[in-house]
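Understanding the architecture of this molecule
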Amino acid sequence: MMNKKHNSTLFKCCILMGFITCSNCVRSIEFKTDYITETCNTILSGHISGRIESSTALYYKNNMNCTVVIRADSSKKIMLYFKSFLLEEKLRGICVDKLVVFDGDLLLDGSTRRLNNQILCGSRSPWVYKSAGSTVTLVFQTDLNAVYRGFDVIYTEFSDGTCAQFQCEKSVCINSLLSCDGIGQCWLEKDENQCADKMNTDDYTSTDPTTMQKKWIIIGIILTLIAVTLSLVCVAPYVYKKYKYRQFLVELNIDPSTCEPRAVYPVTKMYREN
């Protein structure tokens, strides 16, 4: 009896562990935007592409020390496309507000090297980093003084072998579902430059939540304008006719209130038992 109970418990545990393991293997095509202020000291995984911004506000915060690890599928690498970058300039030759990108998981391996061996600060034009493995780490630190706009970076899984999907450039192959999704993952947004014709077809759908939200706002405004217009068309003639009728009565020296229809109530009889 004890062996059967033990085997049943073990079987359930194996199923649970298998479910957890498989759920972690599923890669989502949903494009998600994360903010350093909300994902400080966390691990981002499960998405083939996403965006990281330095803050939900217009400017990043002072006195920050945040680490964010991005994990791709074990067979993939990670491309970081920095769309904008503006931190505080160096003070006496030292970056006081800085972003450091590590090629690997800094939480697991403290000896992980910096990508391009750089500490990033000041202002920079858009550029691309490519990892050597399936994990990168972003470390964002700020001092107690000035704050700036921060950074906006798109991360995307890619493979450097034979490309059967969408090829951004030589040795950079991304999932074909990311092409024409309204978000530029490739350098110079090559994955979106050929999409003008596709965007006019019925099968074009953007996975960017911001783009979809704007579409629904525009649709809501249009429907509201249509409803207001129909109301005016239906009500305006009635109001105008009533106004002209009252003006006509006034010209004849007739009190308009005496011409208003009065409610007529049915006459009822009360019966009393004798």
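Details of the structure are given in the entry above.
These remarks concern the structure in this document.

Scoring rules and cut-offs
- Starting afresh in each chain, residues are numbered from 1 along the sequence in its written order.
- Two thresholds apply to this predicted model, a pLDDT of at least 70 for residue-level local features and 80 or more for giving and counting side-chain atom pairs, whereas whole-chain, interface and lining totals are computed over all residues.
- In computing side-chain properties, one takes all heavy atoms of the structure into account and sets aside hydrogens as well as water.
- Without a salt bridge and with relative accessible area above 30%, a residue can belong to a patch; like charges are then joined within 9 Å and nonpolar side chains (Val, Leu, Ile, Met, Phe, Trp, Tyr) within 5 Å.
- Using a 1.4 Å probe, accessible areas were evaluated by the Shrake-Rupley method; residue-level cover was limited to the displayed protein chains.
- Each salt bridge in this description consists of a side-chain nitrogen of Lys or Arg and a carboxyl oxygen of Asp or Glu lying within 4 Å of one another.
- Each helix is a run of DSSP H or I of at least 4 residues and each strand a run of E of at least 2, with the numbering of both proceeding from the N terminus.
- Two rings from Phe, Tyr or Trp (for Trp, the six-membered ring) form a pair when their centres sit within 6.5 Å of each other. Planes less than 30 degrees apart are called stacked, planes more than 60 degrees apart edge-to-face, and all others tilted.
- Lysine NZ or arginine CZ positioned within 6 Å of the ring centre and within 35 degrees of the ring normal marks a charge as sitting over the ring.
- Summary of the burial criterion: residues with accessible area below 20% of their type's maximum are buried, those above 50% are exposed, and those between are partly exposed, where the area comes from a 1.4 Å probe applied to protein chains only.
- Here, two residues are considered to be in contact whenever any of their heavy atoms come within 4.5 Å of each other.
- Strands pair, by our definition, only if DSSP identifies at least two bridges between them.
- What counts as an axis is a line fitted to C-alpha atoms, over the stretch in contact for a helix, and the angles between N-to-C directions run from 0 to 180 degrees.
- By nonpolar core is meant a set of buried Ala, Val, Leu, Ile, Met, Phe, Trp, Tyr and Cys residues that side-chain atoms within 4.5 Å join together.
- A pair of cysteine sulfur atoms is labelled a disulfide when the two atoms are within 2.5 Å.

1. Brief notes about a nonpolar patch on the surface
On the surface, a nonpolar cluster with roughly 730 Å² of combined accessible area is contributed by W216, I218, I219, I222, L223, I226 and L230. Checked against the element boundaries, W216 lands in helix α4 (residues 209-251).

2. Quick notes on the packing of aromatic side chains
Summed over the entire model, instances satisfying the criterion amount to nine aromatic pairs. Between F85 and W127, the ring centres sit 5.5 Å apart and the planes meet at 75°, which makes this aromatic pair edge-to-face. Highlighted residues: F85 in strand β5 (residues 77-86) and W127 in strand β8 (residues 127-130), separated in sequence by 42 residues. Pairwise contacts between aromatic rings join Y60, F82, F85, W127, Y129, F140 and F151 into one cluster. If you follow K83 out to its NZ or CZ, it ends over the ring of Y81, 4.8 Å from the centre. Over the face of the ring belonging to W127 we find R124, whose NZ or CZ atom lies 4.2 Å from the ring centre.

3. A closer look at the pattern of salt bridges
A side chain with one charge may pair with a side chain of the opposite charge, provided their charged atoms come close. Counted according to the given criterion, the structure contains eight salt bridges. Here K32 and D34 are joined by a salt bridge, their closest N and O atoms 3.7 Å apart. Beyond isolated ion pairs, a larger network of salt bridges with shared partners links R51, E53 and D152.

4. Here's the deal with the environment of V128
With respect to the element layout, V128 can be found in strand β8. Overall, the relative accessible area of 22% leaves V128 in the partly exposed class. As for V128 and Y81, which are separated by 47 residues in sequence, their C-alpha atoms are 4.5 Å apart. Excluding residues that lie within four positions of it along the chain, V128 makes contacts with M79, L80, Y81 and W187.

5. Overview of the pairing of strand β6 (residues 98-102)
Of all five residues in β6, four are buried, a share of seventy percent or more. One ladder, built from five bridges, connects β6 with strand β9 (residues 135-141); its direction is antiparallel. Residue pairing for β9: V101 is matched across the bridge by L138.

6. Observations concerning the sheet that holds β9
Pairing between sheet strands relies on hydrogen bonds along the backbone, with the strands arranged either parallel or antiparallel. The mixed open sheet is built from four strands, whose spatial order is β2-β4-β9-β6. Each edge of the sheet is formed by a strand with only one pairing partner; in this case those strands are β2 (42-45) and β6. Shown here is a sheet whose adjacent strand axes are inclined to one another by a mean of 20°, direction ignored.

7. Considering the nonpolar core
Membership of the largest hydrophobic core comes to 26 residues, with the highest contact counts inside it found for I52, L80, F82, L99 and V101. Elements that contribute at least two residues to this core include exactly β4 (65-71), β5, β6, β8, β9 and β10 (150-158). A per-element tally of this core places β5 first, with four residues. The contact partners of I52, leaving out residues within four places of it in the chain, are D34, I36, L44, V68, I70, L138, F151, D152, V153 and Y155. The next biggest cluster of nonpolar side chains, apart from the first, holds nine residues, and it includes I48, C168, V172 and C186.

8. Some remarks on the environment of S45
Relative to the helices and strands, S45 resides in strand β2. The class for S45 is partly exposed, based on a relative accessible area of 45%. Taking the C-alpha atoms as reference, S45 lies 8.4 Å from V69; in sequence the two are 24 residues apart.

9. Topic: the state of the cysteines
Evaluated as defined, the whole model comprises five disulfides. Disulfide pairing is shown between C95 and C121; the S-S distance is 2.0 Å. Residues C95 and C121 are joined by a disulfide whose S-S torsion is about -50°; by sign, that bridge is left-handed. Of the two residues, C95 is situated in the loop between β5 and β6 and C121 in the loop between β6 and β7 (123-124); the sequence distance between them amounts to 26 residues. This pair shows no difference in class: C95 is buried, exactly as C121 is. Residue C180 pairs covalently with C195 via a disulfide, S to S 1.8 Å. The sign of the S-S torsion, about -85°, decides the handedness of the disulfide formed by C180 and C195: left-handed. One end of the pair, C180, is in the loop between β12 (172-174) and α2 (190-193); the other, C195, is in the loop between α2 and α3 (196-199), with 15 residues separating them in the sequence. Given a relative accessible area of 8%, C180 falls into the buried group. In the protein, the cysteines engaged in disulfides, taken in order along the sequence, are linked 1-2, 3-4, 5-7, 6-9, 8-10.

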